[in-house]
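Residues per chain, in single letters:
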Amino acid sequence: MINVAILGYGTVGSGVFEVLNENKESISRRAGQELHVKYVLDLRDFPGQPVEKVLVHDYEQIVSDPEVDIVVEVMGGVEPAYTFVKKALLAGKNVCTSNKALVAKHGPELMEIAKEKNINFTDQEFQSIVNVLKKHASPEELTKMEKLMSFRK
């Protein structure tokens, strides 16, 4: 099983959550193992929404969970995104980010940590999230995700 944590549940984060859940079977089949969104981090509550079941408010719950394989950072801004991404990388988790400000300020450092840990740090705006899933998603699924990119620009 591939466990994913999404940091942020705004326009992009909620779109990533929706696409991963709606296309779970297809993506899992292409990945060769089940994909599961284990956590979504956000400050707000979303009572009655599907995300409520996986919503957490404490980042440490994500970084300390050895079952989390991939962290998708879609929070925006430099902090706390930098702190969260760096901790995830140091904990051996693959990270995918759509955060241009974070990459501009700390990209080389974060890439070096990923290299030392032999894990992935993808950093090409939201397109990086699409690339991570490209080999596991159908063209229709990718088109839906790419439409979300327009909200980041």
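Model, not experiment: these values are computed from the prediction.

Participant: Even after reading the chapter, I still don't get the pattern of salt bridges, so can you show me in this structure?
Facilitator: Opposite charge on two side chains permits pairing when their charged atoms draw close. What the rule picks out here adds up to six salt bridges. One salt bridge connects Glu-67 with Lys-38, and the closest N-O pair in it is separated by 2.6 Å. Highlighted residues: Glu-67 in the loop between helix 3 (59-63) and strand 4 (68-73) and Lys-38 in strand 2 (residues 35-41), separated in sequence by 29 residues. Glu-67 sits in the partly exposed class, given a relative accessible area of 46%.

Participant: Looking at this structure, I do not really get the confidence of the model for the protein chain. What am I missing?
Facilitator: Atom-level detail of predicted coordinates should not be read off regions where pLDDT is low. Here the protein chain averages 85 in pLDDT, and 80% of its residues register 70 or above. The secondary-structure element of the protein chain with the lowest mean pLDDT is helix 6 (residues 127-134), recorded at 55, while strand 3 (residues 55-56) shows the highest, at 98. Counting interchain partners and residues more than four positions distant, the pLDDT-below-50 stretch residues 148-153 has 15 contacts.

Participant: In this structure, what is going on with the pairing of strand 1 (residues 2-7)? I would like to understand it.
Facilitator: Two faces belong to every sheet, and in a regular strand the side chains alternate between them. With six of six residues buried, strand 1 is to be regarded as a mostly interior element. Residues Ile-2, Val-4 and Ile-6 of strand 1 are buried on one face, and the alternating residues Asn-3, Ala-5 and Leu-7, pointing to the opposite face, are buried as well. Alignment of strand 1 against strand 2, held across six bridges, turns out to be parallel. For Leu-7, the partnering residue across the bridge sits in strand 2 and is Leu-41.

Participant: Would you mind showing me how to read the environment of Gly-76 here?
Facilitator: Checked against the element boundaries, Gly-76 lands in the loop between strand 4 and helix 4 (81-90). Given the relative accessible area of 22%, Gly-76 is considered partly exposed. The sequence separation of Gly-76 and Leu-7 amounts to 69 residues, and the corresponding C-alpha distance is 9.6 Å. What Gly-76 contacts, discounting residues up to four positions off in sequence, is Ala-81 and Asn-99.

Participant: What is the right way to read helix 1 (residues 11-22) from this model?
Facilitator: Note on helix geometry: an α-helix contains 3.6 residues per turn, so any two residues three or four positions apart are oriented the same way. When the terminal C-alpha atoms of helix 1 are compared, their 16 Å separation across 12 residues agrees well with the 16 Å that a helix rising 1.5 Å per residue should span. Burial in helix 1 covers these residues: Val-12, Gly-13, Gly-15, Val-16, Phe-17, Val-19 and Leu-20.

Participant: How do you make sense of unusual backbone geometry when you look at a structure like this?
Facilitator: The bulk of non-glycine residues show a negative phi, and the bulk of peptide bonds are trans. Following Glu-79, the chain continues into Pro-80 via a peptide bond in cis, with omega recorded as 5°. Take Pro-80: it is sitting in the loop between strand 4 and helix 4. Positive phi is not limited to glycine here, since Asn-118 has a value of about 60°. By the element assignment, Asn-118 lies in the loop between helix 5 (100-117) and strand 6 (121-122).

Participant: Would you mind going over the packing of aromatic side chains with me for this structure?
Facilitator: Two aromatic rings, taken as a pair, are described by how far apart their centres are and by the angle between their planes. Tallied over the full model, the rule gives three aromatic pairs. Judged by centre distance (5.9 Å) and plane angle (80°), the rings of Tyr-9 and Phe-17 are edge-to-face. Comparing Tyr-9 with Phe-17, the two get one shared label, buried. Centroid distance Tyr-9 to Phe-46: 4.8 Å. Interplanar angle 70°. Geometry classified as edge-to-face.

Cut-offs applied
- Numbering of residues starts from 1 in each chain and follows the order in which that chain's sequence is written.
- Confidence filtering applies because this is a predicted model: local features only for residues at pLDDT of at least 70, side-chain atom pairs given and counted only at 80 or more, and all residues used for totals across whole chains, interfaces and linings.
- Calculated side-chain values reflect all of the structure's heavy atoms, with hydrogen atoms and water omitted.
- What makes a salt bridge here is a side-chain nitrogen of Lys or Arg within 4 Å of a carboxyl oxygen of Asp or Glu, nothing more.
- Secondary structure elements are taken from DSSP: a helix is a run of H or I of four residues or more, a strand is a run of E of two residues or more, and numbering for both begins at the N terminus.
- In this scheme, a residue with accessible area under 20% of its type's maximum is buried, one over 50% is exposed, and one in between is partly exposed, where area comes from a 1.4 Å probe on protein chains only.
- Across the chain, each position has a pLDDT score giving the predictor's confidence in that residue, from 0 to 100.
- Here, residues are in contact when the closest pair of their heavy atoms is within 4.5 Å.
- Here, a strand pair is defined by DSSP locating no fewer than two bridges between the strands.
- Here the expected length of a helix is defined as 1.5 Å per residue gap, with one fewer gap than residues.
- Centres within 6.5 Å make a pair out of two Phe, Tyr or Trp rings, where for Trp the six-membered ring is used; the pair is then stacked when the planes are under 30 degrees apart, edge-to-face when over 60, and tilted otherwise.

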